[in-house]
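Architecture at a glance
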Amino acid sequence: MAKAAALQHVCGECGTSSGRWLGRCPGCGAFGTMVAEAPVPRARAKGLARPPLRLVDVLVEEAGRISTGVPELDRVLGGGLVPASLVLVGGEPGVGKSTLLLTALGAMSGQRRALLITGEESGAQVKLRAARLGGCDDVEILAETELDTVCETLERERPAVCVIDSVQTLWSAEVGSAPGSVSQVREAAARLLRVAKEAGVATFLVGHVTKDGSVAGPRVLEHLVDCVLQFEGDRFHAHRVLRAVKNRFGSTNELGVFEMTGAGLVGVPDPSELFGRTPAGEVGSAVACTLEGTRPLLLEIQALVAPTDLAMPRRVGTGVDPKRLAMIVAVLARHAGLALGGADVFVNVAGGVRIDEPGADLGIALAIASAAKGVPVREGTAAFGEIGLTGRLRTPAQRDRRVDECRKLGLEPVVGETLREALGAALSESAD
């Protein structure tokens, strides 16, 4: 008699499995996320051997990208949506994922079939949003959560583009666990990937995020799909940022900026004009020029330096890598003569944008130096440059494009070979 398969306890946050229940997940460290799940029964079928092909003999169909009708979304995707691809869109609840994709479906439905499969809202609720957005009359909709029905519908109808909102609501009767569990999400992603490739349906999957901002479900979900887009932003503010975490068909450095209005999400074609303005004479504020993919971006960096009674002063950065911030503060103290050992340093990137590029080091340093000395940065200046541990400035990539972006807004870049020279050229002479 065959032995019954043992239960596995799987973490709902990261997908780590264990043979026994654990109060704390050994993979991500979350408490109370291990859930017992039965393995999916599968009948073993004997496969047929197929002869391999040389790459030179493989036929490639020349299929152009599909424009989504949303320029900022096309930019992040790498020029448009690739046919038969699987794209995962993640973000916090209320950030605007469904609104963005419904807008894209409405724009694409004029030239090709566009299908929306909703598991979180009814058809009437989606129609209310579509009426507010406008231009979505030709979008087809199906309210369904059963995975087999969804796959059969896609194979029979074969729309050009499909949006599934969301993948956590799909469930299969073959999997003995609740919808949204790791096993259900993994099964849904694998089945939809096969259908998308075989039926030629470009598919968007809407995914929830966990408390730390990563896509909910196992990491295998991100490995299965062709592209992972992260929709960031505070739902209490108007601006949203869309960036690619993974993209098999394009760059992962592109950035899309949107503004939430009464008529839906509207792309911001010139985010430098929006984020790169600082009030004249304001202490602790500087403009940094960073590069996101092919787009130079001017951002306002705000800093506050305050005395502290703590034994270990705090280095707090919002939108900035904390380790990078600590390094910049140490270089300022060692090579620029700023007494920051007894002060808390707070840095914020205005607009909710996150900076990962070293080219913004000089802008961060200028804002901190301005706050520490009580001297505003010279009006009409912007900064870019990578700070080394020796206090020397390195020229970042694509310097000419950054200079052109600065001058387009009437700003001149700060010039200097060392950090001390750049600070002397950028800070006003009106104060000591």
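The notes below deal with the structure included here.

Thresholds, definitions, all that
- Residues numbered from 1 in each chain as written.
- Predicted model: local features only at pLDDT ≥ 70, side-chain atom pairs only at ≥ 80, totals over all residues.
- Heavy atoms only, no water.
- Helix = DSSP H or I, 4+ residues; strand = E, 2+ residues; numbered from the N terminus.
- Buried < 20%, exposed > 50% of the residue type's maximum accessible area, 1.4 Å probe, protein only.
- Contact = heavy atoms within 4.5 Å.
- Areas by Shrake-Rupley, 256 points an atom, 1.4 Å probe, with all protein chains shown as cover.
- Lys, Arg positive; Asp, Glu negative; His and termini not counted.
- Charge placed at Lys NZ, Arg CZ, Asp CG, Glu CD.
- Axes fitted to C-alpha atoms, helices over the stretch in contact; angles between N-to-C directions.
- Parallel < 35°, antiparallel > 145°, perpendicular 65-115°, else oblique.
- Left-handed = near helix turned anticlockwise from the far one by under 90°.
- Nonpolar A, V, L, I, M, F, W, Y, C, P; charged D, E, K, R; others polar.
- Pairing = 2+ DSSP bridges.
- Phe/Tyr/Trp six-rings, centres within 6.5 Å; stacked < 30°, edge-to-face > 60°.
- Arc of directions from axis to C-beta.
- Polar contact = N/O pair within 3.5 Å; in protein donor to acceptor, adjacent residues only side chain to side chain.
- Core = buried A, V, L, I, M, F, W, Y, C linked by side-chain atoms within 4.5 Å.
- Salt bridge = Lys/Arg side-chain N within 4 Å of Asp/Glu carboxyl O.

**Examining the overall build of the protein chain**
When helices and strands are tallied, the protein chain shows 11 helices and 20 strands. Projected onto its principal axes, the C-alpha positions of the protein chain cover 85 × 55 × 50 Å. Buried positions account for 49% of the 432 residues belonging to the protein chain. Long-range pairs, those at least 24 residues apart, make up 69% of the contacts in the protein chain between residues at least 6 apart in sequence. Element-wise, carbon and sulfur atoms account for 53% of the exposed surface of the protein chain, whose accessible area totals about 21300 Å². The distance from the centre of the 47 positive side-chain charges to the centre of the 51 negative ones in the protein chain is 6 Å.

**Some words on the packing of helix α9 (residues 361-373) against helix α11 (residues 419-426)**
Where α9 contacts α11, the axes come no closer than 11 Å and their chain directions differ by 60 degrees. With respect to α11, the axis of α9 lies oblique. The two elements α9 and α11 meet at a crossing, and its hand is right-handed. Residues L362, A365, L366 and A369 of α9 pack against L419, A422, L423 and A426 of α11. For the contact of α9 with α11, the residue count by class is 8 nonpolar, no polar and no charged.

**Details of the sheet that holds strand β4 (residues 86-91)**
If you walk across this open sheet you meet the 9 strands as β6-β5-β7-β8-β4-β9-β10-β11-β12, and the pairing is mixed. Strand pairing shows two members of the sheet lacking a second neighbour, β6 (140-143) and β12 (264-267), which therefore form its edges. For this sheet the average axis-to-axis angle between neighbouring strands, irrespective of direction, equals 25 degrees. As paired elements, strand β5 (residues 114-118) and strand β7 (residues 161-165) share 5 bridges and run parallel to each other.

**With respect to the pairing of strand β10 (residues 239-247)**
In this structure, strand β9 (residues 227-232) lies alongside β10, joined through 6 bridges in antiparallel fashion. Within β10, the position partnered with E232 by the bridge is V241. Pairing analysis gives 5 bridges linking β10 to strand β11 (residues 255-261), with the strands arranged antiparallel. Residue L242 lies in a different strand from β11, and its bridge partner there is G256.

**Some points on the packing of aromatic side chains**
Here the structure, examined in full by the defined rule, presents 1 aromatic pair. Measuring from ring centre to ring centre gives 5.9 Å for F231 and F258, while their planes differ by 85 degrees; the resulting arrangement is edge-to-face. Taken as a pair, F231 in strand β9 and F258 in strand β11 lie far apart in primary sequence, 27 residues in all.

**Here we look at helix α4 (residues 147-157)**
Turning to α4, its buried residues are L147, V150, C151, T153 and L154. Viewed along the axis of α4, the buried residues span an arc of 160 degrees, placing them on a single side of the element. Exposed residues lying more than 90 degrees from the buried face of α4 are E152 and R156. Along its buried surface, α4 packs onto β5, β6, β7 and α5 (182-199). If you check the start of α4, you find a side-chain oxygen 3.0 Å away from the backbone N of D148, and it comes from E146. Directly beyond the C-terminal end of α4, a positive phi value near 50 degrees is found at R158.

**Points about the nonpolar core**
Membership of the largest hydrophobic core comes to 48 residues, with the highest contact counts inside it found for L332, V347 and I368. When residues of this core are traced back to their parent elements, those giving at least two are β11, β13 (285-292), β14 (295-307), α8 (322-335), β16 (343-349), α9 and α11. Among the elements that line this core, the one with the most residues is α9, at 8 residues. Ranked by size, the runner-up nonpolar core spans 34 residues in total, among them L81, L101, L105 and L116.

**A few points about the packing of α4 against α5**
At a minimum axis distance of 10 Å, the contact between α4 and α5 shows a crossing angle of 10 degrees. When the axis of α4 is compared with that of α5, the two are roughly parallel. Residues L147, D148, V150, C151, L154 and E155 of α4 pack against E187, A188, R191, L192, R194, V195 and A199 of α5. Partitioned by chemical class, the residues of the contact of α4 with α5 number 8 nonpolar, no polar and 5 charged.

**So, the pattern of salt bridges**
Enumeration over the complete set of coordinates arrives at 24 salt bridges. Between D226 and K197 there is a salt bridge; the shortest N-O distance is 2.7 Å. A residue pair is termed long-range when its members are at least 10 positions apart, and D226 in the loop between α6 (220-224) and β9 and K197 in helix α5 qualify at 29 residues. For K197, a relative accessible area of 40% puts it in the partly exposed group. With a shortest N-O distance of 3.5 Å, R407 and E412 are connected by a salt bridge. Since its relative accessible area comes to 41%, E412 is described here as partly exposed.

**Things to note about the sheet that holds strand β15 (residues 315-318)**
What the 4 strands build is an open sheet, ordered β13-β14-β16-β15; its pairing is mixed. The sheet is open, and its two borders are formed by β13 and β15, each paired with just one other strand. Along the sheet, successive strands turn relative to each other by an average axial angle of 25 degrees, direction set aside. In this sheet, β16 lies alongside β14 in antiparallel orientation, the contact comprising 7 bridges. By the bridge assignment for β16, A306 is matched with D344. Strand contacts of α8: β15 and β16, with the helix running at about 130 degrees to β15, the strand carrying the most contacts. Against the sheet, helix α10 (residues 399-408) touches β13 and β14, its axis set at about 75 degrees to β14.

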